[in-house]
Amino acid sequence: MVAISNGQGGEQGWSSRSAFILAAIGAAVGLGNLWRFPTLAGESGGGAFVIFYIGCVFLLGLPLLLAEIFIGRAGQTDAVGSIRRVAEQSRVSKRWSLFGGLGALAAFLIVSFYSVVAGWVLYYAGVFAADFGSAVLAGDPFRGALAGESQEQIAGRMGNLFADPMLLLSMHFLFMGATLFIVARGVSGGIEKAATWLMPGFFVLLIGITIYGAIVGDVGEAAAFLFTPDWSKLTPEVMNSALGQALFSLSLGVAGIITYGSYIREGTKLGSTAAAIAFADTGVALIAGLMIFPIVFAVGLDPAAGPTLVFQTLPFAFESMPAGSLIGLLFFVLILVAAVTSSISLLEVPTAWGVGELGWSRTTSALVFGAGAFAIGVLCLLGYNVLSDVRPLGFWSIFAETDILDTVDGFTGKIMLPLGALFTSLFIGWRADRRLLETTTGLSRGMFTLWRFLLAWLCPIAVTIILVTGLFPSLLGAE
Ligand code: PFF
């Protein structure tokens, strides 16, 4: 076996192509699929959003995904170093590598609030574990969840959690600690192991709960809601959020896939690898919809509940479902698994940067960035209670009313992530050496032409639209 020279010191690489695919699917499948996608699909009225989203994934997301995998594979080191190397080989300015730094910063900021949200999931997993435990002790393990609580009481749990900084902080600490632990152990010993252990379990749970939803819930109504388009609902705003969601869900624009791609061994077919990741990620988002909405509809609840859909609407639905307590527990464990395999990929980006560019050891780098992200996450969670009046970018009209967590989320999602995607498409679409692209990707002639065309034209135009309308929502006629 050939050790790859990725500047990470020693044997830092995936052990096989399938290990990379699994880890990259783990990175892509996360809160974005299980929490944000159903939330957005529900809020945006279903079918038209979903169909437009699928179009975005394959016309924009897939070409960008392949571009990021290519940069990592060709560069073989952290995002900044990899872009610099591709720029050198293409004889263009090395300053392109700055967008790798922007990506690493974005990943660092995203993991800080991602861990806070994953902390809520951890809390709910704990609530359902306790509930299931008491059901077992009472000799009725298959009862509904949270027996006897009113809808207000169940919804109130979220408010109580948000009002309790110590509880939020403990959950955030546990989740970030687990993320840091895995990343510090390295690529093959930590990240790959986590993905190969967790992802199969994830798929079993996902399919299991979806079948359960189909049996006890209203899968016909859910499928009609998700796939029957009412095109009048496809407003510019909805298109904008579908585009942004496609980037977020595929982990694009933050150099995460560049970093994971740098650990791929020579000779791996990149095109089919990228396609497998995009299919799996989109498949999971759609299955998540088909898992959640039948349960929501069966109880006659509102699919457009927004971000609280998973935390308030569903727990209430589980109350009247057979085995709701057990299923609720499994559901939150499922989200937790998806979240951890994504958060490790986020923390890996700045960690690899510290190793590759600053010469730090992996442990030091993971600790520094993990602790830094933890600290920013603490500010985010205090924004729900102690610091609830703080509006970090309050002077800027689009963030005037936005609390700390939503500001970090909005700033990264609306600005940094599209910028990262824009630079990637311009760099690979226009500047990177054609021969290097052809030999590294191994695409057929026709696919190569299509890929480069989408990257050079469609991606920059579409992403610029997201960026500009994100910054100036009044252009969409919204405030
Ligand atoms: N794709 C992840 C999700 O859908 O939850 C979020 C994410 C992970 C974004 C890793 C970026 C990244 F590098």
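Next up on the list: the nonpolar core. With 170 residues, the main nonpolar core has Trp-14, Trp-120, Phe-202, Phe-331, Phe-332, Phe-427 and Ile-428 as its most contacted residues. When near neighbours in sequence (up to four residues on either side) are disregarded, Phe-427 contacts Ile-71, Ile-83, Val-86, Ala-87, Val-92, Trp-96, Phe-99 and Ala-432.

What follows concerns the packing of helix α1 (residues 17-28) against helix α12 (residues 270-298). One way to put it is that α1 packs onto α12 with a least axis distance of 9 Å and a crossing angle of 35°. The hand of the α1/α12 crossing is right-handed. Judged by residue contacts, Arg-17, Phe-20, Ile-21, Ala-24, Ile-25 and Ala-28 of α1 engage Ser-272, Thr-273, Ala-276, Ile-277, Ala-280 and Asp-281 from α12. Residue composition of the contact of α1 with α12, by class: 8 nonpolar, 2 polar and 2 charged.

Moving on, we get to the environment of Leu-98. Inspection of the secondary structure assignment puts Leu-98 in helix α5 (residues 98-137). The exposure class of Leu-98 is exposed, given its relative accessible area of 61%. Taking C-alpha positions, Leu-98 is 19 Å from Thr-464, a pair spaced 366 residues apart along the chain.

For Gln-76, which is not a glycine, the phi torsion comes out positive at approximately 60°. With respect to the helices and strands, Gln-76 occurs in the loop between α3 (47-75) and α4 (79-89). The class of Gln-76 is buried, set by a relative accessible area of 8%. With a phi angle near 55°, Arg-91 is a residue other than glycine that sits in the positive phi range. Assignment of secondary structure puts Arg-91 in the loop between α4 and α5.

Mapped onto the secondary structure, Thr-424 falls in helix α16 (residues 404-431). Look past the residues within four positions of Thr-424 in its chain and what remains in contact with it is Leu-64, Ala-67, Glu-68, Ile-71, Phe-99 and Gly-429.

Near the ligand there are 15 residues, and of these Ala-28, Gly-32, Tyr-114, Phe-248 and Val-254 occur at the shortest range. Between the ligand and Tyr-114 there is a distance of 2.6 Å, counted from an oxygen atom to a side-chain nitrogen or oxygen. Alone, the ligand offers 340 Å² of accessible surface; in the complex the protein occludes 100% of this. When atom positions are compared with the pocket grids, the ligand is found to occupy the largest cavity. Put simply, the parts of the chain that give the shell around the ligand at least two residues each are α1, α2 (31-43), α10 (236-249) and α14 (324-358). Tallied by class, residues from the shell around the ligand come to 7 nonpolar, 8 polar and no charged.

This part takes up the packing of α5 against helix α15 (residues 362-382). One way to put it is that α5 packs onto α15 with a least axis distance of 8 Å and a crossing angle of 55°. It follows from the interaxial angle that α5 and α15 lie oblique. Where α5 crosses over α15, the handedness of that crossing is right-handed. Counting all contacts with α5, which are made through Phe-108, Leu-109, Val-111, Ser-112, Phe-113 and Val-116, the residues of α15 involved are Phe-369, Gly-372, Ala-373, Ile-376, Gly-377, Cys-380 and Leu-381. Residues of the contact of α5 with α15, tallied by class, amount to 10 nonpolar, 3 polar and no charged.

Bringing the layout of surface pockets into the picture now. The volume enclosed by the largest pocket comes to roughly 1,400 Å³. In terms of lining, the largest pocket is formed by 45 residues, of which the most central are Arg-36, Leu-40, Asp-409, Gly-410 and Lys-414. Elements represented by at least two residues in the lining of the largest pocket include exactly α2, α5, α6 (151-162), α10, α16 and α18 (445-471). Here the lining of the largest pocket is built from residues that sort into 22 nonpolar, 14 polar and 9 charged. Size it by volume and the second largest pocket reaches roughly 210 Å³. Along its surface, the second largest pocket is lined by Phe-58, Leu-62, Pro-63, Leu-66, Gly-271, Ala-274, Ala-275, Leu-443, Met-447, Leu-450, Trp-451 and Leu-454. Residue assignment for the lining of the second largest pocket shows that the elements contributing at least two residues are α3, α12 and α18. Of the residues belonging to the lining of the second largest pocket, the class tally is 11 nonpolar, 1 polar and no charged.

Cut-offs used in this document
- Residues numbered from 1 in each chain as written.
- Predicted model: local features only at pLDDT ≥ 70, side-chain atom pairs only at ≥ 80, totals over all residues.
- Heavy atoms only, no water.
- Core = buried A, V, L, I, M, F, W, Y, C linked by side-chain atoms within 4.5 Å.
- Buried < 20%, exposed > 50% of the residue type's maximum accessible area, 1.4 Å probe, protein only.
- Contact = heavy atoms within 4.5 Å.
- Axes fitted to C-alpha atoms, helices over the stretch in contact; angles between N-to-C directions.
- Helix = DSSP H or I, 4+ residues; strand = E, 2+ residues; numbered from the N terminus.
- Left-handed = near helix turned anticlockwise from the far one by under 90°.
- Nonpolar A, V, L, I, M, F, W, Y, C, P; charged D, E, K, R; others polar.
- Near = heavy atom within 4 Å.
- Polar contact = N/O pair within 3.5 Å; in protein donor to acceptor, adjacent residues only side chain to side chain.
- Areas by Shrake-Rupley, 256 points an atom, 1.4 Å probe, with all protein chains shown as cover.
- 1 Å grid on protein atoms, 1.4 Å probe; cavity = no way out; pocket = protein on both sides within 12 Å on 5 of 7 lines; lining within 4 Å.
- Sits in = over half its atoms within 2 Å of the grid points.
- Parallel < 35°, antiparallel > 145°, perpendicular 65-115°, else oblique.
- Points joined across faces, edges and corners; volume = space filled by probe spheres on them.

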